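Here is how the chains run, residue by residue.
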2 protein chains.
Amino acid sequence: MFAFRRAVYVIARRSYATSPLASKFKINGDRLWNDIHETAKWSAPSPGGVTRLCADENDKMVRDWFREQVIALGADYKVNATGTQIALFDGDDNSIPPIAMGSHLDTVATGGKFDGPLGVIGALEVLRSMKEQSIKTRAPLVLINWTNEEGARFFPLLGSSCVYAGQSTVEAAHASISTDNSSLTMGGELAKIGYVGDGPNYFDEFPISGHFEIHVEQHTDLEKAGKPVGWVEGWQGMTWYNVVFHGDDGHANTKPMWGRRDTLAASAELITVLEKLAYEMNGYTTTTGIHSHPFGSCNIQSKTKVIFCLMHKEAEGLEGMGKAIENRIASIAGQRGLEFELERDIHLPPGDFWSEAIACVRDACGDKGIASRTGTGHDSTMTTTKVPTAMVFVRAKDGISHSPKEWSDKEDCAEGALVLGKAVLNFDELLKQKAAGLHV
Amino acid sequence: MFAFRRAVYVIARRSYATSPLASKFKINGDRLWNDIHETAKWSAPSPGGVTRLCADENDKMVRDWFREQVIALGADYKVNATGTQIALFDGDDNSIPPIAMGSHLDTVATGGKFDGPLGVIGALEVLRSMKEQSIKTRAPLVLINWTNEEGARFFPLLGSSCVYAGQSTVEAAHASISTDNSSLTMGGELAKIGYVGDGPNYFDEFPISGHFEIHVEQHTDLEKAGKPVGWVEGWQGMTWYNVVFHGDDGHANTKPMWGRRDTLAASAELITVLEKLAYEMNGYTTTTGIHSHPFGSCNIQSKTKVIFCLMHKEAEGLEGMGKAIENRIASIAGQRGLEFELERDIHLPPGDFWSEAIACVRDACGDKGIASRTGTGHDSTMTTTKVPTAMVFVRAKDGISHSPKEWSDKEDCAEGALVLGKAVLNFDELLKQKAAGLHV
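Conventions we followed
- Residue numbers run consecutively from 1 along every chain, following the written order of its sequence.
- Chain letters start at A and ligand numbers start at 1, both assigned in the order the entries are written.
- Reporting in this predicted model follows two pLDDT cut-offs: at least 70 for local features of residues, and 80 or more for side-chain atom pairs to be given and counted; totals over whole chains, interfaces and linings ignore these cut-offs and use all residues.
- Only heavy atoms go into the side-chain values, all of them from the structure, while hydrogens and water stay out.
- Numbering of helices and strands starts at the N terminus; helices are DSSP runs of H or I of at least 4 residues and strands are runs of E of at least 2.
- The globule rule is 2.2 Å times the number of residues to the power 0.38, and the radius of gyration it is compared with is taken over C-alpha atoms.
- To sort residues, take the accessible area from a 1.4 Å probe on protein chains only and compare it with the maximum for the residue type: under 20% means buried, over 50% means exposed, and anything in between is partly exposed.
- Contacts are assigned to residue pairs with any non-hydrogen atoms lying within 4.5 Å of each other.
- Where accessible areas are quoted, they stem from the Shrake-Rupley method and a 1.4 Å probe; at the residue level, only the protein chains shown are allowed to cover.
- Charge assignment in this entry is limited to Lys and Arg as positive and Asp and Glu as negative, and neither His nor the chain termini are counted.
- Charge coordinates come from a single atom per side chain, which is NZ of Lys, CZ of Arg, CG of Asp or CD of Glu.
- Put simply, two rings from Phe, Tyr or Trp (the six-membered ring, in Trp's case) pair if the centres are within 6.5 Å, and we call them stacked under 30 degrees between planes, edge-to-face over 60, tilted for the rest.
- The rule for a charge over a ring is simple: NZ of Lys or CZ of Arg within 6 Å of the ring centre, and within 35 degrees of the ring normal.
- Definition used for salt bridges: Asp or Glu carboxyl oxygen within 4 Å of a side-chain nitrogen of Lys or Arg.
- Here an angle of 0 to 180 degrees is reported between the N-to-C directions of two axes, which are lines fitted to C-alpha atoms, with helices fitted over the stretch in contact.
- Any angle from 65 to 115 degrees is called roughly perpendicular, while one under 35 is roughly parallel, one over 145 is roughly antiparallel, and all others are oblique.
- Helix crossings are classified by the rotation of the near helix relative to the far one: an anticlockwise turn of less than a right angle makes the crossing left-handed, while a clockwise turn makes it right-handed.
- Two strands are said to pair when DSSP picks up at least two bridges between them.
- By convention a crossover is right-handed if, when the strands point away from the viewer, the path from the first strand over the helix to the second runs clockwise.

- You'll find chain A entered in an unreviewed UniProt entry as N-carbamoyl-L-amino-acid hydrolase, with Mollisia scopiformis given as the organism.

The structure is reproduced here in structure tokens:
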């Protein structure tokens, strides 16, 4: 178990700046749109959507494409040990840590075209447009394609950004286990596609000044407000658990009901309790996986693993849900005579992004955006433990995500990329003003 | 779906006979015991028990051993298309269809040393002892190692005996799908280990006169009565279903609880209902498998398959349980907005073995046995649709089966083999008397 801790920071006063370059900045919405759809071809069969799991053959192909694009733009390109692709671009003063834009090109199984790719390709579009418009920032810029954000193939998620933030290690990330219960690991599979590099892994090796990320909203606040974009002020809390129940083998037909130690029946009880818990405590709960053994048509199930997550907007609510379900797991096991192992794999309390970074995005949104919050974790929820971080939300149809039905309109994607570019220019201006002593 | 039908037969009066050879017949309990434990080495790692799944490398090794043993005894040896090993031994009159003894050398995962192997090795011991004691029956004898009785690796179970009984076909058995959700089939895997042969597959090609099988009881009636053996009068009814729920993909963290179409939550509700149904209707129910998709730590589960079986001693009870659960599945799906596909894969109503075959076993048991019934299906529940069939039960410690804890004492196994041999001799005598017009 590792817990994501929030770095302690103090902001003396509300600092923000508007870059004079931001008002003139443009991006090419057609190019962005075409690249989102063109790169979606690197996918396992997934009608209408994308299934590009971390370190699979399609992930290799989209990574190779990314490398070509950033090298063509003149990047100093590196891959680190967890496969993260880092494309560094000169600023006027390369002694300043770069301002990062990043997200992920991996997707979940039966995912959409936007969750992840929009953040990377949108940032690429910003860099292309800056080059075309001869806009050079004072600080260097860096574009990062973070590895295994989704945790879809290898658990835990935020697989590389959590290492960067010092919440995990390269060794632990390499050992991340396959969610299909096979013996594959993330390190082994990254090596197979040639994406274990010698680039920097930790913040201390490669500090950045800030981190900005475009993402589809995955909720309906923007849609209801009729706004294409939003500035993301923070995230709801979330916790991932896994529990393994251990019971007894037995014959499915002949063993009387009394005296059974059936782990699948126990797991089903847990899953129904989890669903009720969301309603009882005004949070969300999802059971995301189950693995039950032994296989066969005539066995009582003697070992079952259940993976689930709890979500709540309030820290106390999240903590309360965790305590409630831990108690229920113990009582389900107790009443059924089972042993169990319970682990809290990830714990991310609710929190806020940095107000100075949020201000840069808010200013870039103007009247096209509203304030919003995210319901889930992102690479930005890792970088924010180290440096000013904020996110740009793009309106998503019906709030659907992690589904082939995920959709954002071309114009909204373009607006998101424009806001990202302006926010980065604003943040560069802020750093400049701070260096000149204009902000604390 | 295929339903196992009971053949219609009429017995004009209760026919039985006691063979004069039976009282002198002996078996070698040490040799039987040693072979049970020696052959248990052909197993995947399975401390204390046996995991020898149909057509795996261990199944190949125990099959090769079986072939050597029966050829050394002088058998006319054949393998049929579904991998069943058939060892034919001459009688005094080879124009009579042979009397069969059979069971299975495959086991479930994390199974025991007795369920299956005792039936085959016990019958082998009968043949060895008959040869040593120069006992020759009038009818030929045949020893059969039936393929995939357990259905542990490939579904459905009774994989070869159901073909023999005309309830399925070689093609359907070859197409039996892997229970681990891989694309492997029984036909493909049998071919890999070299066990697709040209021997007879169907009753009509290779009729037998009767079928006798030793099996561990898998219940506690013999133990409670203090008896080492039992004659099996019939079986409880059982039905296997599989249901696949189809819902929607969605984000595990951000999607509100309302409007979800979560197939794993629906499946959990079904499994808890199934458990209650057993108590409500005085039957047994077991959920034997679950497969849920997509894999990953951040997805609402959009497709879940649940495999379960219902058991009841009464035909009406079994039918009632089936109707009840079919209704509940429809209402669970309806209230959650899910689509579903429900199949009843196997339906075996409760029934009785043939009284003339039971009488041969009962007479062989003498005062060492009691009447019993089995809670599950066996290869004998297939042959009984065609010819007089009965089973010999051997006392099992605590009734535990499909578990490494499965245990029967050496003396009880020996008693079981002795009863099998005597029962076959009695049946041979019965056939002789019938041929002489002494029975209808």
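Now that the structure has been shown, we can carry on.
### What about the overall build of chain A?
- A tally of regular secondary structure across chain A gives 12 helices and 18 strands.
- Whereas a compact globule of 440 residues would reach a radius of gyration of roughly 22 Å, chain A reaches 23 Å, a difference of no more than 12%.
- Overall size of chain A, expressed as C-alpha extent along the three principal axes, is 80 × 45 × 40 Å.
- Put simply, chain A has 440 residues, and 65% of those count as buried.
- Long-range pairs, those at least 24 residues apart, make up 80% of the contacts in chain A between residues at least 6 apart in sequence.
- Counting every atom, chain A has about 15300 Å² of accessible surface; 52% of that belongs to carbon and sulfur.
- On chain A, the mean spot of the 44 positive side-chain charges and the mean spot of the 56 negative ones are 2 Å from each other.

### Observations concerning the packing of aromatic side chains
- Tallied over the full model, the rule gives 18 aromatic pairs over all chains.
- Counting every residue linked through ring pairs, the aromatic cluster contains Trp33, Phe114 and Trp407 of chain A.
- The aromatic ring of tyrosine 195 of chain A is capped on one face by arginine 63 of chain A, whose charged end is 4.9 Å from the ring centroid.
- Above the face of the tryptophan 42 of chain B ring, lysine 41 of chain B is positioned so that its terminal group lies 4.9 Å from the ring centre.

### Side note on the pattern of salt bridges
- One pass over the structure, following the stated rule, counts 45 salt bridges over all chains.
- With a closest N to O distance of 2.7 Å, arginine 395 of chain A and aspartate 412 of chain A form a salt bridge. Taken as a pair, arginine 395 of chain A in the loop between strand E18 (389–394) and helix H12 (410–435) and aspartate 412 of chain A in helix H12 lie far apart in primary sequence, 17 residues in all.
- Taking relative accessible area as the criterion, aspartate 412 of chain A reaches 5% and is therefore assigned buried.
- Here aspartate 398 of chain B ties to lysine 397 of chain B by a salt bridge, and the two come within 3.6 Å at their closest N and O atoms.
- Where salt bridges share partners, they join Asp248, Arg261 and Glu339 of chain A together with Lys405 of chain B into one cluster.

### Observations regarding the packing of helix H10 (residues 355–365) of chain A against H12 of chain A
All names here are of chain A.
- The interhelical angle for the contact between H10 and H12, taken along N-to-C directions, is 130°, at an axis separation of 8 Å. Considering the angle they form, H10 stands oblique to H12. Viewed along their axes, H10 and H12 form a crossing whose handedness is right-handed. Two secondary-structure elements touch here, H10 through Glu356, Cys360, Val361, Asp363, Ala364 and Cys365 and H12 through Val419, Lys422, Ala423, Asn426, Phe427, Leu430 and Lys434.

### Section: the pairing of strand E4 (residues 99–103) of chain B
Residues and elements named next belong to chain B.
- Counting buried residues along E4, five of its five residues qualify, which places the element largely inside the surrounding structure.
- Residue alternation in E4 divides its side chains into two sets, Ile99, Met101 and Ser103 and Ala100 and Gly102, and both sets are buried.
- Note that E4 and strand E5 (residues 141–145) share five bridges and pair parallel. For serine 103, the partnering residue across the bridge sits in E5 and is asparagine 145.
- Crossover connection from E4 via helix H3 (residues 117–132) to parallel E5: handedness right-handed.
- Direction of pairing for E4 relative to strand E8 (residues 210–216): parallel, over a ladder of three bridges. Note on E8: the bridge partner recorded for alanine 100 is histidine 211.

### A look at the environment of alanine 396 of chain A
All names here are of chain A.
- Relative to the helices and strands, alanine 396 is located in the loop between E18 and H12.
- When the C-alpha positions of alanine 396 and aspartate 106 are compared, they lie 19 Å apart, and in sequence the two are 290 residues distant.
- Alanine 396 has contacts with Val216, Glu217, Gln218, His219, Glu223, Trp407 and Ser408, leaving out every residue within four places of it along the chain.

### What about the side chain of serine 161 of chain A?
Residues and elements named next belong to chain A.
- Position of serine 161 relative to the elements: it lies in helix H4 (residues 161–164).
- On the accessibility criterion, serine 161 (0% relative accessible area) is buried.
- In contact with serine 161, other than residues within four places in its own chain, are Trp146, Asp379 and Met382.

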